[in-house]
Structure formats: C-alpha cells, structure tokens
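The chain contents come next:
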Amino acid sequence: AALRALDLPDSLHSLVLSRIDTLHEGPRSTAKVASVIGRMFATPMLRGVYPDLGSGREVAQHLAALRRIGLVMLEQPAGYAVEETHLFKHVITAQAAYETTPAALREQLHERVGGYVEQKGEIAGAQRFATAAKLARAGETLDGEMLTPREEEILKLVAEAHTNDEIAEMLA
C-alpha cells in the first residue's frame, strides 16, 4: 500500500519486487526482517529480533549477498563501542521488502523490535534524539549533549520543518 502510494510506474514496482523475490531464502528473510526494523538497521539487531535468520556468520553472508546486488550498503562498520549498521540503498526497496512480509510476521517482528530496543537500553538514545529534535524545532540545543554528525544533519532538516519523507529522500 505504501509503495503504491508513491505512485511509481508498475514496471519499477515490479522490478523492485522481482529483485527481492529472486533472492535465496536467507537473504530474502534478512531483507524482510531488516525492513521491519527500518531503513537503517544495526546488524546485531537482526539476530536479536529474529534468531531464525541463523548464526552471526550466516547473517553476515546474507547481508553480503544483499550488498552485492545493491539492495543494502554498509553505513557504519563495526568498531570500538559501535555496532555495524546497514542501510537500504533506496526507500522503495525497504518498503517493498516490508510489504512482501506477511502481516502476521510483521506484527510479531514489530513486537520483537520493541522488546529488543527496551532490553538493550537503546531507548535512551532514541529519547535523547527525540528531545534534541523537539529543541531543534524550537531553535534550541541540548546543553552538553553529543550528537553524531548524522543526527546533527537530521536535526537541521527537522528544524527546517521538512517531513520525514523529505528527510529520507535528502539523506538517500
């Protein structure tokens, strides 16, 4: 529904869906789980949300397959205190993967994502970012808070009153 709402030509819609459908089961499932997490997703979260994807090594192989065919890209390599993060190269790819995920599985995955975020304490970072966004809209900043360059870029766009869809397009 959301993909159709973009008013894309049927040929483009079909092309995106066919690329996902031709994947082997592992990479296809990985793309679907990732699409529920969001356009950008931390690699460890995939297994944390849906252990059926396989071992860490198998998930890494699935992601490598998705990178090879250009569906996702490595946004942030793993490093000291930093989780490896991937990004769907195009919003429409993430939306197509999401739409091809059965509704019952999507609902289950949404619950698991929420549980994972709460368990890992990542909600604190999300709350910090939400607070910074509210302050940015009001022309203020967080005193003493450190934001990543990406967060600062997003906040600048939020402060300029861009919609989420506009921001996603600008950062694509």
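Look a little higher up for the structure.
Residues numbered from 1 in each chain as written. Predicted model: local features only at pLDDT ≥ 70, side-chain atom pairs only at ≥ 80, totals over all residues. Heavy atoms only, no water.

Here we come to the packing of helix 3 (residues 25–37) against helix 5 (residues 56–68). It is the contact of helix 3 with helix 5, at a shortest axis distance of 9 Å, that shows an interaxial angle of 85 degrees. Relative to helix 5, the element helix 3 lies roughly perpendicular. Contacts from G26, P27, T30 and A31 in helix 3 reach H62, L63, A65 and L66 in helix 5. Of the residues belonging to the contact of helix 3 with helix 5, the class tally is 5 nonpolar, 3 polar and no charged. (Axes fitted to C-alpha atoms, helices over the stretch in contact; angles between N-to-C directions. Helix = DSSP H or I, 4+ residues; strand = E, 2+ residues; numbered from the N terminus. Parallel < 35°, antiparallel > 145°, perpendicular 65-115°, else oblique. Contact = heavy atoms within 4.5 Å. Nonpolar A, V, L, I, M, F, W, Y, C, P; charged D, E, K, R; others polar.)

The subject of this paragraph is the packing of aromatic side chains. Taken as a whole and assessed by the stated rule, the structure comprises 1 aromatic pair. An angle of 55 degrees between the planes, with centres 5.6 Å apart, marks the rings of F41 and F88 as tilted. Of this pair, F41 sits in strand 1 (residues 40–42) while F88 sits in strand 3 (residues 85–88), and the two are 47 residues apart along the sequence. Of the two residues, F41 and F88, neither departs from the other in class, the shared state being buried. It is R106 that lies over the ring of Y98; its NZ or CZ is 4.8 Å from the centre. (Phe/Tyr/Trp six-rings, centres within 6.5 Å; stacked < 30°, edge-to-face > 60°. Buried < 20%, exposed > 50% of the residue type's maximum accessible area, 1.4 Å probe, protein only. Lys NZ or Arg CZ within 6 Å of the ring centre and 35° of its normal.)

Bringing the nonpolar core into the picture now. With 30 residues, the main nonpolar core has V33, I37, F41, M45, L46 and V49 as its most contacted residues. If you list the elements that add at least two residues to this core, you get helix 2 (10–21), helix 3, strand 1, helix 4 (43–49), helix 5, helix 6 (91–99) and helix 7 (103–120). Considering each element in turn, this core owes the most residues, 5 residues, to helix 3. Setting aside its immediate chain neighbours within four residues, I37 contacts M45, L46, V49 and V113. (Core = buried A, V, L, I, M, F, W, Y, C linked by side-chain atoms within 4.5 Å.)

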